[in-house]
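A look at the structure
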Amino acid sequence: MKIYDFVQLINSLEYLEEKGIFKESKGTIIKLENNIASVLFFNEKNMGDYAVANVNTKFLKTIGEFPTGELTNLNNFIKNLDQEKHDKLKYPNIKEYDLVELLIEDEKYSKFGVHKGNKGCVISNYAIQNQVEVDFSWVDKNGNFYGDCIVVDVDDLKVLE
């Protein structure tokens, strides 16, 4: 096992589960000292979210290597990495087919005809950088189509029962 290897967690570890990192979580080793790897774990349910944690290599298995052509980009990313801020994975409390309501009025939504109080349906089980795609489209009694399918910040939504 070496730095920049892609790895997978092979055991459940309580201290990692508290950080949202579970058995079979995947990541890249960014530092390796003795048998302790600093791993940049990826959030498969919230793309772009990540957490750094130290793990004994006996709890990891190598599943690949980071592409050598991208090592400069990775090293630049690591240089600017705030590990204290990224010590836990964030899982949105919203899932596919949830009925949601938009909580705020904002130009980034209104330009698509979507306004505070509009209701929509989440159309994906995954988030990207804490945003989900929501179908806010509807047809009025006269057959006029309104709204759109747009990307919305999870924090701007409320799940309806």
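Structure shown above.
Residues numbered from 1 in each chain as written. Predicted model: local features only at pLDDT ≥ 70, side-chain atom pairs only at ≥ 80, totals over all residues. Heavy atoms only, no water.

Under the defined criterion, the tally for this structure stands at eight salt bridges. Two residues, Glu33 and Lys31, come together in a salt bridge whose shortest N-O distance is 3.5 Å. Take Glu33: its relative accessible area is 48%, and that puts it in the partly exposed class. A salt bridge links Lys108 to Asp156, with the shortest nitrogen-to-oxygen separation between them at 4.0 Å. Of this pair, Lys108 sits in helix α3 (residues 107-110) while Asp156 is found in the loop between β13 (149-153) and β14 (157-159), placing the two residues 48 residues apart along the sequence. (Salt bridge = Lys/Arg side-chain N within 4 Å of Asp/Glu carboxyl O. Buried < 20%, exposed > 50% of the residue type's maximum accessible area, 1.4 Å probe, protein only. Helix = DSSP H or I, 4+ residues; strand = E, 2+ residues; numbered from the N terminus.)

Here the focus is the sheet that holds strand β2 (residues 26-33). Whenever strands of a sheet pair, they do so through backbone hydrogen bonds, lying parallel or antiparallel. The five strands are arranged β5-β3-β2-β1-β6 in an open sheet whose pairing can be described as antiparallel. Strands with a single pairing partner mark the edges of an open sheet, and in this sheet they are β5 (50-56) and β6 (60-65). Averaged over all pairs of adjacent strands, the angle between their axes in this sheet comes to 40°, without regard to strand direction. Pairing of β2 with strand β3 (residues 36-42) involves six bridges; the strand directions are antiparallel. (Pairing = 2+ DSSP bridges. Axes fitted to C-alpha atoms, helices over the stretch in contact; angles between N-to-C directions.)

This part is about the environment of Asp156. On the accessibility criterion, Asp156 (10% relative accessible area) is buried. Once the C-alpha coordinates of Asp156 and Ile30 are considered, the two residues, 126 residues apart in sequence, prove to be 34 Å apart. Residue contacts for Asp156: discarding those within four places in its chain leaves Glu101, Leu102, Leu103, Ile104, Lys108 and Tyr109. Looking at Asp156, its side chain comes within polar contact range of the side chain of Tyr109, at 2.6 Å. (Contact = heavy atoms within 4.5 Å. Polar contact = N/O pair within 3.5 Å; in protein donor to acceptor, adjacent residues only side chain to side chain.)

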